[in-house]
Amino acid sequence: MTTYAALLRGINVGGSKKVPMAELRTLLEGLGHGGVRTYLQSGNAVFTAGHGDEESLAAELAAAIERHFGFRVGVLVRDHAHLRAVREACPFPAAELEAKQLHVTYFSGPVDPERFDPVDPAVFLPEEFRLGDRVLYLYAPDGLGRSKLAEALSRPRLLKGVTATTRNWNTVVKLEELTGTAAAE
C-alpha cells in the first residue's frame, strides 16, 4: 500500500464547483482506497492505494468526480515521498517565514524553466520564485492575494498543457505529515 495526497484544483471557491469533503471521502472509499482523510475544504485528501500510480489514480478520481458531481476538476495525486522531497527541497527559509508568504504550485508534469522566460523576476522583487521537481516555490512577502508575481506566473499561456494547483506552506507541511503518518500505520 502506498499513501498519497490528492490535490483538487479550483473547488469550493466562490460558490462554484462545490465538493463537500464528506462526499469526497466517500468517493475515494468507493474507488477502493483506504485510510481516507480530508484536510480543509479546498480539495486535499489523503488515502492509501494498493494499485495504480500517481497519474492513473488522478485520472480515476477526476472521472469519478465528474460522474458524481457533473463537472470536471483538475486532480493531481502525489505520494508521500514526493511530498517529503518538495518540503525538504524548499529553496526559501520556510522556518523563518509566515505560512502566508510561502506557496507551492504543484504541476501535473515537469515544466521547463524556459516556460517562465517571459516573466522578468527583477520586476517583481522582493517576490521570488524557484522551480523544483514538478513544483514552483513562490515567496510572496505580502501574501498570495496581493502577489503580482503569482498573477504573472498563473497566466494561461505559461501553464498551457499542464494542470497546476497551489497550496500555502501550512498545507504543504500538513499533507506531508498526514501522508507520513498514514504510511507509518
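The structure we're discussing is the one just above.
The following paragraphs examine the structure supplied in this document. Everything numeric in this text was worked out from a predicted model, so none of it was measured. For every chain, the first residue of the written sequence is number 1, and numbering continues from 1 onward in sequence order. Totals for whole chains, interfaces and linings use every residue, but because this is a predicted model, local features are given only for residues with pLDDT of at least 70 and side-chain atom pairs only at 80 or more, for both listing and counting. Computation of side-chain values: all heavy atoms of the structure, hydrogens and water removed.

Detection works on a 1 Å grid of protein atoms alone, calling trapped sets that fit a 1.4 Å probe cavities and calling open sets with protein on both sides within 12 Å along at least five of seven lines pockets, with lining residues defined by an atom within 4 Å of a point. Grid points are joined across faces, edges and corners, and a volume is the space filled by probe spheres set on the points. The calculated volume of the largest pocket comes to roughly 690 Å³. Thr105, Leu144, Thr165, Thr166 and Arg167 are, among the 26 residues lining the largest pocket, the residues nearest its centre. Residue assignment for the lining of the largest pocket shows that the elements contributing at least two residues are β5 (102-107), β7 (135-139), α5 (148-153) and β8 (164-168). Helix and strand assignments follow DSSP, with helices taken as H or I runs no shorter than four residues and strands as E runs no shorter than two, numbered in order from the N terminus. When residues of the lining of the largest pocket are assigned to their parent elements, the largest contribution, 5 residues, is made by β8. Throughout this entry, Asp, Glu, Lys and Arg are counted as charged residues, while Ala, Val, Leu, Ile, Met, Phe, Trp, Tyr, Cys and Pro are counted as nonpolar. The remaining residues, Gly among them, count as polar. Taken together, the residues of the lining of the largest pocket sort by class into 14 nonpolar, 10 polar and 2 charged. Space inside the second largest pocket adds up to approximately 230 Å³. As for the second largest pocket, its lining consists of 16 residues, and the residues nearest its centre are Ala58, Ala59, Ala62, Gly74 and Val75.

Here is the rule: rings of Phe, Tyr and Trp (six-membered ring for Trp) pair when centre to centre is within 6.5 Å. Planes less than 30 degrees apart are stacked, more than 60 are edge-to-face, and the remainder are tilted. Within this structure, the stated rule accounts for 5 aromatic pairs. Feature note: the residues Phe107, Phe116 and Phe129 constitute an aromatic cluster, connected by ring pairs.

Being paired, for any two strands, means DSSP has found at least two bridges between them. Ordered in space as β6-β7-β5-β8, the 4 strands form an open sheet in which the pairing is antiparallel. With partners counted over all chains shown, the strands left at the sheet margins are β6 (128-132) and β8, one partner each. Across this sheet, the average inter-strand angle for adjacent strands is 20 degrees, counted without regard to direction. In this sheet, β8 lies alongside β5 in antiparallel orientation, the contact comprising 5 bridges. Across the sheet, residue histidine 103 finds its bridge partner in β8, namely asparagine 168. Here a residue-residue contact requires only that any non-hydrogen atoms of the pair lie within 4.5 Å. Orientation is described by axes fitted as lines to C-alpha atoms, over the contacting stretch for helices, and by angles from 0 to 180 degrees between their N-to-C directions. Contacts from helix α3 (residues 80-88) reach β5 and β7 within the one sheet, and its direction differs from that of β7 by about 35 degrees.

Glancing now at the side chain of threonine 48. The topology assignment puts threonine 48 in strand β3 (residues 44-49). Excluding residues within four positions of it along the chain, threonine 48 makes contact with Met1, Thr2, Thr3, His33, Gly34 and Gly35.

Attention now goes to the nonpolar core. As a rule of thumb, soluble globular proteins bury nonpolar side chains together. Throughout this description, the term nonpolar core refers to a set of buried Ala, Val, Leu, Ile, Met, Phe, Trp, Tyr and Cys residues connected via side-chain atoms within 4.5 Å. Partly exposed residues are those whose accessible area sits between 20% and 50% of the maximum for their type, while under 20% is buried and over 50% is exposed, using a 1.4 Å probe and protein chains only. If you look at the biggest cluster of nonpolar residues, it comprises 25 residues, and the most contacted ones within it are Leu8, Leu24, Phe47, Leu61, Ile65, Val75 and Val77. At the level of elements, β1 (2-8), α1 (21-30), β3, α2 (54-69) and β4 (75-79) are the ones that each hand at least two residues to this core. It is α2 that provides the largest number of residues to this core, a total of 7 residues. Leaving out residues up to four positions away in the same chain, isoleucine 65 has contacts with Leu8, Leu24, Leu27, Gly70, Phe71, Val73 and Val75.

Take α3 next. Of the residues making up α3, those classed as buried are His80, His82, Leu83 and Val86. Projected onto a plane normal to the axis of α3, the buried residues spread over an arc of 165 degrees and lie on a single side. Working definition: the arc comes from the directions between the helix axis and the C-beta atoms, pointing outward to the latter.

On to unusual backbone geometry, then. Cis geometry marks the peptide bond from leucine 125 to proline 126; its omega dihedral reads 15 degrees. With respect to the element layout, proline 126 can be found in the loop between α4 (121-124) and β6.

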